[in-house]
Amino acid sequence: MYYNQKNEGYGTFPKQANGLMTERLPQEEWQEAYGQEIPMMQEEMQREQMQQFIMQSLHKLRQMYPESNITSLEELAATPEGQQALEYWSKGIPLEQAYGAAFSHMIAENRSKAARQQAMNASNSKGHIAQPHGSSGGGSLMGAEDKAIWREFFPKATDAQLEAKWKKTR
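This is a predicted model, so every value here is computed, not measured.

What follows covers unusual backbone geometry. In this structure, Asn-69 is a non-glycine residue whose phi angle is positive, near 55 degrees. Counting through the fold element by element, Asn-69 comes out in the loop between α3 (37-64) and α4 (73-76). For Asn-69, a relative accessible area of 56% puts it in the exposed group.

With that out of the way, let us pick up the side chain of Ser-68. Inspection of the secondary structure assignment puts Ser-68 in the loop between α3 and α4. By relative accessible area, Ser-68 is classed as buried at 13%. At a separation of 2.8 Å, a polar atom in the side chain of Ser-68 contacts the main-chain carbonyl oxygen of Tyr-65. If sequence neighbours within four positions are ignored, Ser-68 has contacts with Leu-61 and Tyr-99.

Their axes nearest at 10 Å, the elements helix α8 (residues 144-153) and helix α9 (residues 159-168) cross at an angle of 100 degrees. On the basis of their axis angle, the class for α8 and α9 is roughly perpendicular. Counting all contacts with α8, which are made through Asp-146, Lys-147, Trp-150 and Arg-151, the residues of α9 involved are Asp-159, Leu-162, Lys-165 and Trp-166. Partitioned by chemical class, the residues of the contact of α8 with α9 number three nonpolar, no polar and five charged.

Cut-offs applied
- Every chain is numbered on its own, with residues counted from 1 as its sequence reads.
- Given that the model is predicted, a residue must reach a pLDDT of at least 70 before its local features are reported, and side-chain atom pairs must reach 80 or more before they are shown or counted; all residues, however, enter totals for whole chains, interfaces and linings.
- Only hydrogens and water are set aside when side-chain values are computed; all heavy atoms of the structure are taken into account.
- Here a strand is any run of E in DSSP of at least two residues, a helix any run of H or I of at least four, and the numbering for each starts at the N terminus.
- Only protein chains enter the accessibility calculation, which uses a 1.4 Å probe. A residue is then buried if its area is under 20% of the maximum for its type, exposed if over 50%, and partly exposed in between.
- Residues adjacent in sequence count toward polar contacts only when both atoms are side-chain atoms; beyond that, a polar contact is any pair of N or O atoms within 3.5 Å, and within protein one must be able to donate a hydrogen and the other to accept it.
- Residues count as neighbours in contact if any of their non-hydrogen atoms are within 4.5 Å of one another.
- Note on geometry: axes are lines fitted to C-alpha atoms, helical ones only across the stretch in contact, with angles between N-to-C directions running from 0 to 180 degrees.
- Orientation is classified from the angle alone, with under 35 degrees giving roughly parallel, over 145 giving roughly antiparallel, 65 to 115 giving roughly perpendicular, and any other angle giving oblique.
- Note on residue classes: Ala, Val, Leu, Ile, Met, Phe, Trp, Tyr, Cys and Pro are nonpolar, Asp, Glu, Lys and Arg are charged, and everything else, Gly too, is polar.

Okay, here's the thing in structure tokens:
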């Protein structure tokens, strides 16, 4: 609320507040009475805002780079690259971009390792050996078109011989 001199009261309810405060405190008395508390309250509010800003920045960093596992600025400052990221951040670059710039070589290396591992896992899986859909495993895997093409090259071969030669080329 604020003191409204025109209506001699506080805020938007001058009639209810009329008479509560007839004089304003002189500036020196006000500063003596409340001056010490206000800077402390302002500092506390600034600390809370800074903590909230830091938490939001770390959240964005974890969203963009989940493999980083960074949960605090202290963890980030533990490495030379992290210190570089904090320096970029102090110059106004968003934390997730500063992290990307400072750790670019590690990020690229880790992502290429992950891609290589994914390719290895895919090649080591047995999915590429699975029977084609509709085949029970006992019948011919060679399609009619393939059989016709192979028959042109080996007209005297039996179906079993054609399929054996076809399987060797696969």
